[in-house]
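Chains, contacts and geometry: an overview
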Amino acid sequence: MTWTSHAAALVSKARQRLYHLRQLRKFRVSPRILQCFYSAAVESILSGNITIWFGNCSAQDKKALQRVVRSAERTMGTSLAPLQELYTRRCRSRASNIMGDPFHPSCYGQANASAVRR
């Protein structure tokens, strides 16, 4: 199973949202509003369940996804976090949450197998 079709769909959706980002820039809205719009409309699409699919994407798919981020950077005139950094940050956060939950099946912490679920 490959994630190529999923990555292509994400790129297509994100590019549609980039049009609106360019329109906002054309209307000379503040950089802060552009950043908020990017986070809400574009980054949220690219980062949806990123911990599941990004690690299994081909290099070509990752390049296409990163191209969308670079396009947004040029539109906004600021630097944005690369998708690899976002993926790493989300994976660490998820692992931390799992390790902090003694009732999670993957955690071999203080709870034993007979513990009652919350």
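Note that this is a predicted model, so its numbers are computed, not measured. (Residues numbered from 1 in each chain as written. Predicted model: local features only at pLDDT ≥ 70, side-chain atom pairs only at ≥ 80, totals over all residues. Heavy atoms only, no water.)

**A word on the overall build of the chain**
Broken down by element type, the chain carries five helices and zero strands. Reading the secondary structure of the chain in the N-to-C direction produces α-α-α-α-α. A buried classification covers 29% of the 118 residues belonging to the chain. Within the chain, contacts between residues separated by at least 24 positions form 62% of all contacts whose residues are at least 6 apart in sequence. (Helix = DSSP H or I, 4+ residues; strand = E, 2+ residues; numbered from the N terminus. Buried < 20%, exposed > 50% of the residue type's maximum accessible area, 1.4 Å probe, protein only. Contact = heavy atoms within 4.5 Å.)

**Here we look at the packing of helix H1 (residues 4–26) against helix H2 (residues 31–46)**
For the pair H1 and H2, interaxial distance at closest approach is 9 Å and the crossing angle is 170°. As judged from the angle between their axes, H1 and H2 are roughly antiparallel. Across the interface between the two elements, Leu10, Lys13, Ala14, Arg17, Leu18, His20, Leu21, Leu24 and Arg25 of H1 pack against Leu34, Phe37, Tyr38, Ala41, Val42, Ile45 and Leu46 of H2. For the contact of H1 with H2, the per-class residue count stands at 12 nonpolar, one polar and three charged. (Axes fitted to C-alpha atoms, helices over the stretch in contact; angles between N-to-C directions. Parallel < 35°, antiparallel > 145°, perpendicular 65-115°, else oblique. Nonpolar A, V, L, I, M, F, W, Y, C, P; charged D, E, K, R; others polar.)

**Details of empty space enclosed by the protein**
Applying the stated criterion across every chain yields a total of one cavity of 30 Å³ or more. In this structure, the largest cavity encloses a volume near 40 Å³. Around the largest cavity sit Tyr38, Glu43, Val69, Ala81, Pro82, Leu83, Leu86 and Arg89, which together line it. Elements with a minimum of two residues in the lining of the largest cavity: H2 and helix H5 (83–100). For the lining of the largest cavity, the element with the most residues is H5, which contributes three residues. (1 Å grid on protein atoms, 1.4 Å probe; cavity = no way out; pocket = protein on both sides within 12 Å on 5 of 7 lines; lining within 4 Å. Points joined across faces, edges and corners; volume = space filled by probe spheres on them.)

None of this, on its own, says anything about what the molecule does.
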